[in-house]
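# Residue-level structure breakdown
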Amino acid sequence: MADSSTYDELPYTDNCFYYTHPDHMATVASLHGLTPTPPERCRVLELGCAMGGNLIPMALKLPDARFVGIDLSTRQVAEGRATIESLGLRNVELHAMSITDVDAGLGLFDFIVCHGVYSWVPAPVRDKILSIFAENLAPRGLAYVSYNTFPGWHARGLARDLMAFHVRDGGAMRDSARSARSFLKDLVDVLPDPNTAYAAILKAEGDFLEDVDDAYLFHEHLEETNNPFYFHQFMAAAGARGLAFVAEAKTDGLLGHLPPKARERIAEWGGDAIAREQYADFVTNRTFRRTYLRRAADEVAAKTSPEVVAAMGVGTMVTPDAGEVDVFSNEPVAFHVPGGGPSLTTNHPLLKTALVELALARPRMIPFDELVDRVQARLAPRLAEAFDDAKARAYLCDALFRGFSVDLVALNVSPPRIAVPAGESPTASPLARLQAAQGKRITNIPGRTVEPHDLDRLLLPLLDGERDRSSLGEALKAAIESGDFAVSFEGVPLAGEKTDEAIPELIEASLRRLAAMGLLTS
């Protein structure tokens, strides 16, 4: 296994990956015809848990479930335990131990997570990971594993080899990461012909590495062990351990995203699901996979079923471009992810209305039945005779399923509880309060990383349900007057007599932002 000392010296940032959480895993499994254990009382094991940045939000979200994490880095486990103790959690435990020491004595788990480990450990440990999936998964259990893939890593591996040579003499890890990043950029600058494929590969990788932190660059590119695989090679190893493919955890690069011509050719080339997935990787030049596996001896997955959406909570990633949407018109309406990104355009009254209602509820998710009721109430005044409940439900199940497959709609078998709007004495997630107080990255209630404003970070630790807006205003005024915090109002640094007038507006705006980011609890 990778040397724990490298992670003690240069730990990863404390990350959270919502697509490894049991509620998301169970949602995808249900959509693929499986019947996973309900997340509310499940058991979860994470292999390579680091500081618990992924497990702890799960434990907060699902207080009656049980969570176990193991990691070889004693430093990271100790930091994670300190966070668990600060939050008073009793349903999560972290152990400093090797993956190779896991055995049947650890018990059975409904969900097993292994993120950022498989490609970065030697073959015996990789085989042990698959053995743990096979032996420690409970019936109907689901495992998640991520790994680097070919063909995309052929180009990325070239850059890795060049950087590894440049820092071959060692030194502090953070210095090595920064030296490698600088070297790759300088190398591109001195290439005799910048128009070659070689130059394009190195430039693309250099541009990518500009935006990653030093820990990621070192552990991803400069660690001694890094083994990418073709998908079919990985599945051959998994199949030998009695494991079967379910789906990818995230939808990027999936068959449904590809142009019709590509999908048609892949269907011609691939005689089974594994072959088709492999051809999709060829088409997309995929570098990384996040794969869900199940025990092959368990129930056979039925055909993907949009009908199960009716039992889920529904949310949306998109909002309408126009302020007011005419849901009765046949004119198409565009919905975009805020801040840029993918979009969806529709002229169908049912889908337009559903997306409008979901946008109004953001960031909360609402039960499918409630969504249908809202859609019907909005359309009934003019389309009552045309509204067939059974047909509407079937249409929305299918439309929302397709929206989920391209990351524009959120579905969840166990939606997190989020408060919108903020109450009289707002309460933020206890983890977010602690992270803000410690100056760390902020994880919201659904398990996604968010970026609050400086004012939001100042207020977050105070949102314990004991302070009303007046108390929050007093705390903000004291911070401003002491010189510890500066904030602008209407484009001007706030000070003096305008402070009392501006503070209520600043507080209210901050609470709206925190609510919109999914940080306030109900």
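Residue positions within a chain follow its written sequence, with the count starting from 1. Predicted model: local features are reported for residues with pLDDT of at least 70 only, side-chain atom pairs are reported and counted for 80 or more only, and whole-chain, interface and lining totals are derived from all residues. Heavy atoms throughout the structure, all of them, feed into the side-chain values; hydrogens and water do not.

As a further point, take the pairing of strand S11 (residues 343-346). Think of it in three bands: with a 1.4 Å probe and only protein chains considered, a residue is buried below 20% of the maximum accessible area for its type, exposed above 50%, and partly exposed in between. Each helix is a run of DSSP H or I of at least 4 residues and each strand a run of E of at least 2, with the numbering of both proceeding from the N terminus. Of the two faces of S11, the one holding Leu344 and Thr346 is buried and the one holding Ser343 and Thr345 is not buried anywhere. Alignment of strand S10 (residues 333-336) against S11, held across 4 bridges, turns out to be antiparallel. Of the residues in S11, the one forming a bridge with Val333 is Thr346. Between S10 and S11, which pair antiparallel and follow one another directly, the connecting turn spans 6 residues, one of which, Gly339, has a positive phi of 85 degrees. Any two strands are treated as partners once DSSP identifies two or more bridges connecting them.

Residues qualify for a patch when their relative accessible area is over 30% and they have no salt bridge, like charges being joined within 9 Å and the nonpolar side chains of Val, Leu, Ile, Met, Phe, Trp and Tyr within 5 Å. Computed with a 1.4 Å probe, the accessible areas rest on the Shrake-Rupley method; for each residue, only the protein chains presented here act as cover. Here a salt bridge means any side-chain nitrogen of Lys or Arg lying within 4 Å of a carboxyl oxygen belonging to Asp or Glu. Under this rule, positive means Lys or Arg and negative means Asp or Glu; His and the chain ends count for nothing. Each charge is placed at NZ for Lys, CZ for Arg, CG for Asp and CD for Glu. Residues Glu490, Glu497, Glu501 and Glu505 make up a contiguous surface patch of negative charge. Counting through the fold element by element, Glu501 comes out in helix H19 (residues 498-516).

It is worth spelling out the packing of helix H7 (residues 173-190) against helix H8 (residues 197-210) at this point. Contact geometry of H7 with H8 gives a least axis separation of 9 Å together with a crossing angle of 145 degrees. Crossing of H7 against H8: the hand is left-handed. Contacts between H7 and H8 involve Arg181, Leu184, Lys185, Leu187 and Val188 from the former and Tyr198, Leu202, Lys203, Glu205, Gly206, Leu209 and Glu210 from the latter. Gly falls in the polar group here, along with every residue not listed as nonpolar (Ala, Val, Leu, Ile, Met, Phe, Trp, Tyr, Cys, Pro) or charged (Asp, Glu, Lys, Arg). Residues that form the contact of H7 with H8 fall into these classes: 6 nonpolar, 1 polar and 5 charged. Angles here are taken between N-to-C directions and fall from 0 to 180 degrees, while the axes themselves are lines fitted to C-alpha atoms, restricted in helices to the stretch in contact. For any pair of crossing helices, the crossing counts as left-handed if the nearer helix is rotated counterclockwise from the farther one by less than a right angle, and right-handed if it is rotated clockwise. Any two residues whose heavy atoms approach within 4.5 Å are treated as being in contact.

Under the counting rule described, the total for this entry stands at 21 salt bridges. The partner of Glu370 in a salt bridge is Arg374, and the shortest N-O contact between them spans 2.7 Å. Of the two residues, Glu370 and Arg374 are both situated in helix H14 (residues 368-383); the distance of 4 residues between them amounts to about one turn of the helix. Overall, Glu370 belongs to the partly exposed group, its relative accessible area being 29%. Among the salt bridges present, the one from Lys477 reaches Asp500, with a minimum N-O distance of 2.9 Å. Taken as a pair, Lys477 in helix H18 (residues 469-481) and Asp500 in helix H19 lie far apart in primary sequence, 23 residues in all.

The feature "domain: Methyltransferase" (unreviewed entry), as given by UniProt, occupies residues 44-141 in the numbering adopted here. With 36% helix and 27% strand, the stretch residues 44-141 has end C-alpha atoms that lie 10 Å from each other. UniProt positions are given in the numbering used here, feature names are shortened, and annotations may be inferred rather than shown by experiment.

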